[in-house]
Amino acid sequence: MCNALSQALAETPAKEFEPDKASHMLLSGKATPFFCLSRDQSGRKLTFSRKNVFASKRNAISSVLKLDGAQSGASPGSALDFHQLLLKTQQRIIQEAESLESSSQTFLIDKWATAPSRTGITAVMQDGCLLEKGAVNISLVQGKLTSERAMAMSSRGRGIHHAGGQSYSAAALSLVFHPANPFVPTLRADVRLFQVEGQAWYGGGCDLTPAYLFEDDARQFHSFWKATCDKHHTDLYSKYKAWCDDYFYIPARQEHRGIGGIFFDDLEATDAPFDVSQFVKDVAEGILSSWRDIATKRQAMPFSDDQRQWQLLRRGRYLEFNLLYDRGVKFGLSGGRLESIMVSAPPLIAWRYNVVPEAGSAEAKLVAVLQKPVDWATPTT
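Note that the structure is predicted; figures quoted are calculated from it, not measured.

Caption draft 1: Main features of the overall build of the protein chain. Of regular secondary structure, the protein chain possesses 13 helices and eleven strands. Counting all 381 residues of the protein chain, 50% fall into the buried class. Put simply, 69% of the contacts in the protein chain that link residues at least 6 apart link residues at least 24 apart. Carbon and sulfur atoms make up 51% of the accessible area of the protein chain, which totals about 17,900 Å².

In structure tokens form, the structure reads like this:
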């Protein structure tokens, strides 16, 4: 599959794709993935160039979202800045992830609008050598709170009347990277802003879901996020790490989905003893950095069919959590765009009856940690 695009390009007429044309095709919703290619004088060798096309992607992406403050129903300033942060983060992650990919696969960019008040950009890579499936999505949504949603927010202390009917706006960037190699952990992250009639709350986080546990990787990942949190307040990491462990829990399995990271919600800029907008920006900018070295180190490790099968079984747990417990998925399914919501699902999954890892195995070691979270950021002695 890693050579699928190369094979297709080998049958392409010997000419270079023009960035301006590519941009036009993006805006008309007709063409993906984007690439520039040219042939040598013999007509045999293909040369790829992404830089100019990526500029076209960036310009076209920016034109999809009307960043004028009114798009989110918020006052100019914080909402506008947050929307720009989402765009810049998505563009940067796409570019960096493509540079890590050893295949010629690139991100498909799908701009969508199900209504004037529901717009977004879904970016997806599939069948890569590093990323079997990766998605980096932006969504901007406006509407009226349902009584169910208002009640859920009220129960978390947001000061929202449980009857619903209030105008709201939501802006978010979400990322899920499902690697092809079982030894590279799945990465999930998001940053979001939810506003209701003058009130605003931030949320987000970043967490790791391995199929095989490498303790050095777990410590590296958590140490990265502890350092990020400590820049703003020394209490943040322990609080948000515990919140992450609690949130990504599968009660029916009595295990956590992964080895955690950080997770935060209902964060108000006016009440926090630190700069919330800067903290959220640092989280957004750190997403790929927290995972990149781990992925680079593990992506070429050889693996067996049995190890691949275990990866698929663990992906089943991933999807179970999303469909049964995840608040964001449930919110999205109540009127959201299904393709953009389900894009986070793994590309291939396996379920087998009553799988019990062999005692002392690497698989059993992972399950033990998922049943009892570890404080990975504490230095070992």
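There's more to say after this.
Caption draft 2: Spatial organisation of the pattern of salt bridges. Scanning the entire structure with this criterion turns up 20 salt bridges. For the salt bridge of Asp110 with Arg337, the shortest nitrogen-to-oxygen distance reads 2.8 Å. Residue Asp110 is found in strand E3 (residues 108-115), and its partner Arg337 is found in the loop between helix H11 (327-333) and helix H12 (338-342); the two are separated by 227 residues along the sequence. The salt bridge partner of Asp230 is Lys226, with a shortest N-O separation of 2.7 Å.

Caption draft 3: Representation of the packing of helix H6 (residues 215-230) against helix H7 (residues 236-247) in the model. Interhelical geometry of H6 versus H7 gives an angle of 130° and a closest axis separation of 8 Å. Classified by the angle between their axes, H6 and H7 sit oblique to one another. In contact with His222, Trp225, Lys226 and Cys229 of H6, H7 contributes Leu236, Tyr237 and Lys241. Looking at side-chain class alone, the contact of H6 with H7 contains four nonpolar, one polar and two charged residues.

Caption draft 4: Spatial organisation of the packing of aromatic side chains. The final tally for this structure, using the stated rule, is 18 aromatic pairs. Taking the centre distance of 5.8 Å and the plane angle of 70° together, the rings of Trp243 and Phe263 count as edge-to-face. Placement of the pair is Trp243 in helix H7 and Phe263 in strand E11 (residues 260-267), with a sequence separation of 20 residues. When its relative accessible area of 4% is taken as the criterion, Phe263 is described as buried. Taken together, Tyr240, Trp243, Tyr247, Phe248, Phe263, Phe264, Phe274, Phe279, Phe321 and Tyr325 form an aromatic cluster joined through their ring pairs. Sitting above the plane of the Tyr318 ring, Arg257 keeps its charged end 4.0 Å from the centroid. Sitting over the face of the ring of Phe214, Arg298 holds its NZ or CZ atom 3.8 Å from the ring centroid.

Caption draft 5: Quick look at helix H9 (residues 289-298). Ser290, Trp291, Ile294, Ala295 and Arg298 are the residues of H9 that are buried. Summarising the axial view, the buried residues of H9 lie within an arc of 100°, below the 170-degree limit, and thus occupy one face.

Caption draft 6: Quick peek at the sheet that holds strand E8 (residues 199-209). Overall, antiparallel pairing links the seven strands, which are arranged E3-E4-E5-E6-E7-E8-E11 in an open sheet. Two strands lie at the open edges of the sheet, namely E3 and E11, each paired on one side alone. On average, adjacent strands in this sheet sit at an angle of 10° to one another, irrespective of strand direction. Of the strands in this sheet, E8 and E11 touch H7, which is tilted by about 100° from E11. Lying over the sheet, helix H8 (residues 276-286) contacts strand E7 (186-196), E8 and E11, oriented at roughly 145° with respect to E11.

Caption draft 7: View of the side chain of Ser103. Mapped onto the elements, Ser103 comes out in the loop between helix H4 (78-100) and E3. A distance of 2.8 Å separates polar atoms of two side chains, one belonging to Ser103 and the other to Glu101. At 3.2 Å, the side chain of Ser103 and the backbone nitrogen of Gln105 are in polar contact.

Caption draft 8: Spatial organisation of the nonpolar core. The biggest cluster of nonpolar side chains holds 67 residues, and the ones touching the most others in it are Phe82, Phe107, Phe177, Leu187, Leu267, Phe279 and Trp291. The biggest single contributor to this core is H4, with eight residues.

Caption draft 9: Structural view of the pairing of E7. Within E7, eleven of the eleven residues are buried, leaving the element largely enclosed by the surrounding structure. Residues Thr186, Arg188, Asp190, Arg192, Phe194 and Val196 of E7 are buried on one face, and the alternating residues Leu187, Ala189, Val191, Leu193 and Gln195, pointing to the opposite face, are buried as well. Bridging between strand E6 (residues 167-179) and E7 involves ten bridges; their strand directions are antiparallel. Note on E7: the bridge partner recorded for Leu175 is Ala189. Hairpin connection between E6 and E7: a loop of six residues separates the two successive antiparallel strands. Pairing between E7 and E8: eleven bridges, direction antiparallel. Following the sheet pairing, Leu187 is matched in E8 by Leu208. Counted along the chain from E7 to the antiparallel partner E8, the turn is two residues long, and its residue Glu197 has a positive phi close to 45°.

Caption draft 10: Fine view of the confidence of the model for the protein chain. Residues with a pLDDT of 70 or more make up 75% of the protein chain, whose mean pLDDT is 81. In this model residues 1-77 is a low-confidence stretch, pLDDT under 50, and it forms 122 contacts with partners more than four residues away in sequence or in other chains.

Caption draft 11: Expanded view of the pairing of E3. Sheet analysis places E3 next to strand E4 (residues 118-126), joined by seven bridges and oriented antiparallel. Of the residues in E4, the one forming a bridge with Lys111 is Ile121.

Parameters and conventions
- Residues numbered from 1 in each chain as written.
- Predicted model: local features only at pLDDT ≥ 70, side-chain atom pairs only at ≥ 80, totals over all residues.
- Heavy atoms only, no water.
- Helix = DSSP H or I, 4+ residues; strand = E, 2+ residues; numbered from the N terminus.
- Buried < 20%, exposed > 50% of the residue type's maximum accessible area, 1.4 Å probe, protein only.
- Contact = heavy atoms within 4.5 Å.
- Areas by Shrake-Rupley, 256 points an atom, 1.4 Å probe, with all protein chains shown as cover.
- Salt bridge = Lys/Arg side-chain N within 4 Å of Asp/Glu carboxyl O.
- Axes fitted to C-alpha atoms, helices over the stretch in contact; angles between N-to-C directions.
- Parallel < 35°, antiparallel > 145°, perpendicular 65-115°, else oblique.
- Nonpolar A, V, L, I, M, F, W, Y, C, P; charged D, E, K, R; others polar.
- Phe/Tyr/Trp six-rings, centres within 6.5 Å; stacked < 30°, edge-to-face > 60°.
- Lys NZ or Arg CZ within 6 Å of the ring centre and 35° of its normal.
- Arc of directions from axis to C-beta.
- Pairing = 2+ DSSP bridges.
- Polar contact = N/O pair within 3.5 Å; in protein donor to acceptor, adjacent residues only side chain to side chain.
- Core = buried A, V, L, I, M, F, W, Y, C linked by side-chain atoms within 4.5 Å.
- pLDDT = per-residue confidence, 0-100.

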